[in-house]
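# Coordinates in review
Each chain, written out:
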Amino acid sequence: MGKINGCLKRLFITFNAIFVGFGFLMIIGVMKATTYSNQLSAVGGPSLGWSWLFAIGFLSISCLGLYAGSSEKPLALKIFAGCMGIGMVIMLIFGILVFNERNKIRPAFLETSSELTKHIMAEKEMTDLLKNIQQQMQCCGLVSAEDWGDRIPDSCQCQEYKCKSKPQGTTGPDQIHQQTCGEFMYSAMSPIFEIAIGFCFLFAVIAFLGLLISLLMIHQVNCGGSRGIEMNSY
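Calculation notes
- Residues numbered from 1 in each chain as written.
- Predicted model: local features only at pLDDT ≥ 70, side-chain atom pairs only at ≥ 80, totals over all residues.
- Heavy atoms only, no water.
- Salt bridge = Lys/Arg side-chain N within 4 Å of Asp/Glu carboxyl O.
- Helix = DSSP H or I, 4+ residues; strand = E, 2+ residues; numbered from the N terminus.
- Buried < 20%, exposed > 50% of the residue type's maximum accessible area, 1.4 Å probe, protein only.
- Contact = heavy atoms within 4.5 Å.
- Core = buried A, V, L, I, M, F, W, Y, C linked by side-chain atoms within 4.5 Å.

### A closer look at the pattern of salt bridges
Considering all chains together, one arrives at four salt bridges under this definition. Two residues, R102 and E194, come together in a salt bridge whose shortest N-O distance is 2.2 Å. In this pair, R102 is assigned in helix 4 (residues 74–110) and E194 in helix 7 (residues 182–233), connecting sequence segments 92 residues apart. A relative accessible area of 13% means that R102 is categorised as buried. Looking at E194, the relative accessible area reads 40%, which means it is partly exposed. Residue K124 pairs with D128 through a salt bridge whose shortest N-O separation is 2.9 Å. Of the two residues, K124 and D128 both sit in helix 6 (residues 124–137), four residues apart, roughly one turn of that helix. K124 sits in the exposed class, given a relative accessible area of 61%.

### As for unusual backbone geometry
Positioned with a positive phi, E72 is a non-glycine residue whose angle comes to about 60°. Counting through the fold element by element, E72 comes out in the loop between helix 3 (48–71) and helix 4. With relative accessibility at 12%, the residue E72 sits in the buried group. Located in the positive-phi region is Q138, a residue other than glycine, with phi close to 55°. Inspection of the secondary structure puts Q138 in the loop between helix 6 and strand 1 (163–165).

### A few points about the side chain of T127
Looking at where T127 falls in the secondary structure, it is placed in helix 6. Residue classification places T127 among the buried residues on the basis of a relative accessible area of 11%. When residues no more than four places from it in sequence are discounted, the contact partners of T127 are I120, M121 and W148.

### Quick look at the nonpolar core
Formed by 23 residues in total, the largest nonpolar core has its most connected members in F109, L130, C140, L142, W148 and I152. Among the elements of the structure, helix 4, helix 5 (115–121), helix 6 and helix 7 are those that each provide at least two residues to this core. Among the elements that take part in this core, helix 7 stands out by supplying five residues, more than any other. By size, the runner-up hydrophobic cluster in this structure holds 14 residues, among which are F80, M84, L211 and I218.

Scope: geometric values only; no functional claims are made or implied.
The structure is reproduced here in structure tokens:
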């Protein structure tokens, strides 16, 4: 007969089984995100290597939880509890780091003096992406039209409303879009960071709950073992 409360054990195993499924979905998502890794890194986004590490670690810990819950072995439960404690701290740290990264990226899209803006404009892949955004969103430049230097691309050409003259000393269309693209790009990226921050803190709470449940299960196993020894002594 098991030493752990049946309802608690089933709840523990069920949640870990669900998280195993999430782990596989994370790995699939990271595989699909590989094509966008260069663009994310160019604007200061998180490295894809960290995503792989998190997905594999998440899946491994969930599998460990399944084994620990089904086997009721104290050592496995203690290792799982330790992983939950470490995971809680890591998720809190990651949440803070993502929050800081969001604040660092904001000047790149909204401030003309940003060094990150110059770095982005030096990357051909990013400038090609910006040209496509300019054509679709009817904007010009990341922070200003001067981001393009002496040559304003044709994608900045304005033929309808909210137009302005091109900067003096530059070549390209005479009328360009008044709106810059930085605001659009930051608005598109900001929800991603918000989701990432919420994701980190959510899993910090889940890890904390997992830690409490695993400690309770360890206590029940130890108490069950102690009662068994006492009964044998009689």
